[in-house]
Amino acid sequence: MNLFDVYPLFDIEIAKGQGCKTYDSQDVEYLDMYGGHAVISIGHSHPYYVQKMTHQLESLVFYSNSVQNKLQVELAEKLGKASGYEDYDLFLVSSGAEANENALKLASFHNGRKKVISFNKSFHGRTSAAVKVTDNPSIVAPINDGFDVDFIALNDIDAVRKSLKNNDVCAVIIEGIQGVGGIRVPDVEFLKMVRVECTARGTILILDEVQSGYGRSGKFFAHQHAGIRPDLITVAKGMGNGFPIGGVLISPVFKASHGLLGTTFGGSHLACTAAIAVLDIIKEEHLMENAECIGKYLIDELKKIPQIKEVRGMGLMIGIEFDQPSKEIRNRLLFDKKIFTGASGTNIVRLLPPLCLTKSDANLFLDSFKSVLESVLAI
Ligand code: PLP
């Protein structure tokens, strides 16, 4: 059987990883500036994470969602503390799309409405019930059948007000920082106004922190830079450092009842073990502070490079936009300098490195990047 060929893949076989470095089968070292789409939060093969996961595997309890799983309770407590949302409830799932799907369901059960507002260039997942919207033509967008979705320009508060004015919108769903759409940060004032408008109109505000959450922006959630509190927050990616897990943080306004939501794999013992280890390490190693500090350094230095059109982002979620396609830049970084990066559309290089990135890793990237730009783009 062949693999269904829907991703372009580099012909490199990664055999092991440690911290921000990965190694191929010939033991060639690569600097990981992408972390598998923001999935690697605490670094590759962290010894504490490996030890906790190994121990859990050895205990032979991998899965059961019909009996009490104390790891879920421990995870909820630690996530509440780490994020500042101790009064919210947690519903555990296995991916970002599943988290958004459940958030939309909750919103719709709550106010009985079906209309959803989302933003141009946003991305919320690939299932048919989760909204997934993009104007990036390289991505097919299966808009869900259950909801009626309106797309609005990011930061256009007048358009939001206009859409909400009939009191018939179920939810506004917005990324803390747009990831797939090119690392676009919503304005602080815009987010504050959206919060006010949603409250006034009985509309649920869903913050999709699947890519921007878990300390990546320098705060636990990117929306916390605006000081707002959404009704629902969705998480995944960095939550398990590669082990599939996602969740919905649910404000006390929502009341749980048996049968309201369901999941097969959500909150398994192994998934919870991974997520607890991630939170322990983020706290112990001050990775949020590191993301803020090294991220600021990278952004400041990148802004000095003349060949770049624009640098956007916060913490270790950075988009570098060029006037021309960035494919050759990324290829040269990978094949000549042994550095992995990501892309958003054709002209944007996307950086989502592990949160343990050091200053010397950042300098290695900056030096390599400048040298590649000099060879690929004549000033
Ligand atoms: N939401 C955002 C902001 C994302 O970036 C993604 C994936 O890239 C998703 C949701 C979907 O997550 P998953 O691929 O885990 O379903």
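Definitions and limits used
- Throughout, residues of each chain are indexed from 1 in the direction in which the sequence is written.
- Selection of residues for local features in this predicted model requires a pLDDT of at least 70, selection of side-chain atom pairs for listing and counting requires 80 or more, and totals for whole chains, interfaces and linings are taken over all residues.
- The side-chain quantities take in all heavy atoms of the structure and omit both hydrogens and water.
- A residue's pLDDT is the predictor's confidence in that residue, given on a scale from 0 to 100.
- Should any heavy atoms of two residues lie within 4.5 Å, those residues are considered in contact.
- If even one non-hydrogen atom of a residue comes within 4 Å of a molecule or strand, that residue is called near it.
- In protein, a polar contact means a hydrogen-donor-capable atom and an acceptor-capable atom, both N or O and within 3.5 Å, with residues adjacent in sequence counting only if both atoms are side-chain atoms; elsewhere, any N or O pair within 3.5 Å suffices.
- For accessible areas, the Shrake-Rupley method is used with a probe of radius 1.4 Å. Any residue's cover is judged against the shown protein chains and nothing else.
- Here a helix means four or more residues in a row that DSSP labels H or I, a strand means two or more in a row labelled E, and each is numbered from the N terminus.
- Charged residues are taken to be Asp, Glu, Lys and Arg, nonpolar residues to be Ala, Val, Leu, Ile, Met, Phe, Trp, Tyr, Cys and Pro, and polar residues to be all remaining types, Gly included.
- Two strands form a pair only when DSSP identifies at least two bridges running between them.
- Whenever a helix is involved, its axis is fitted only over the stretch in contact; in every case the axis is a line through C-alpha atoms, and angles between N-to-C directions fall within 0 to 180 degrees.
- The salt bridge definition used is simple: a Lys or Arg side-chain nitrogen within 4 Å of an Asp or Glu carboxyl oxygen.

Colleague: Mind showing me how you'd approach the confidence of the model for the protein chain here?
Modeller: A low pLDDT score tells you not to read the predicted coordinates there in detail. Looking at the protein chain, pLDDT values average 92 and 93% of them are 70 or higher. Per-residue pLDDT stays below 50 along residues 128-143; that stretch engages in 51 contacts with residues further than four places along the chain or on separate chains.

Colleague: How should I be thinking about the site of the ligand in this particular structure?
Modeller: All residues adjacent to the ligand are S95, G96, A97, N100, F123, H124, G125, E175, D208, V210, Q211 and K237. Side-chain polar atom of Q211 to an oxygen atom of the ligand: 2.8 Å apart, as the coordinates give it. Contact with the protein chains removes 84% of the 390 Å² of surface that the ligand exposes when unbound. Residue contributions to the shell around the ligand peak at three residues, all from helix α4 (residues 96-111). Along the lines of polarity and charge, the residues of the shell around the ligand split into three nonpolar, six polar and three charged.

Colleague: I would appreciate a short explanation of the sheet that holds strand β12 (residues 317-321) in the present structure.
Modeller: The pairing of strands in a sheet happens through backbone hydrogen bonds and is either parallel or antiparallel. Overall, antiparallel pairing links the four strands, which are arranged β11-β12-β15-β14 in an open sheet. Strands at the two margins of the open sheet, each flanked by one partner only, are β11 (310-314) and β14 (342-344). Sheet twist, expressed as the mean angle between neighbouring strand axes with direction ignored, is 25 degrees. Of the strand pairs in this sheet, β14 and strand β15 (residues 348-351) are connected by three bridges, and their pairing is antiparallel. Bridge pairing links S344 to I348 in β15.

Colleague: Quick question: what am I supposed to make of the pattern of salt bridges here?
Modeller: Where charged atoms from two side chains of opposite charge approach closely, those side chains can pair. Here the structure, examined in full by the defined rule, presents 17 salt bridges. Of the charged contacts, one joins E74 and K78 as a salt bridge, the two residues approaching to 3.0 Å between their closest N and O atoms. Here K78 and E74 lie together in helix α3 (residues 70-83), a separation of four residues that amounts to about one turn. Residues participating in the shared-partner salt-bridge network are K309, E310, R312 and E321.

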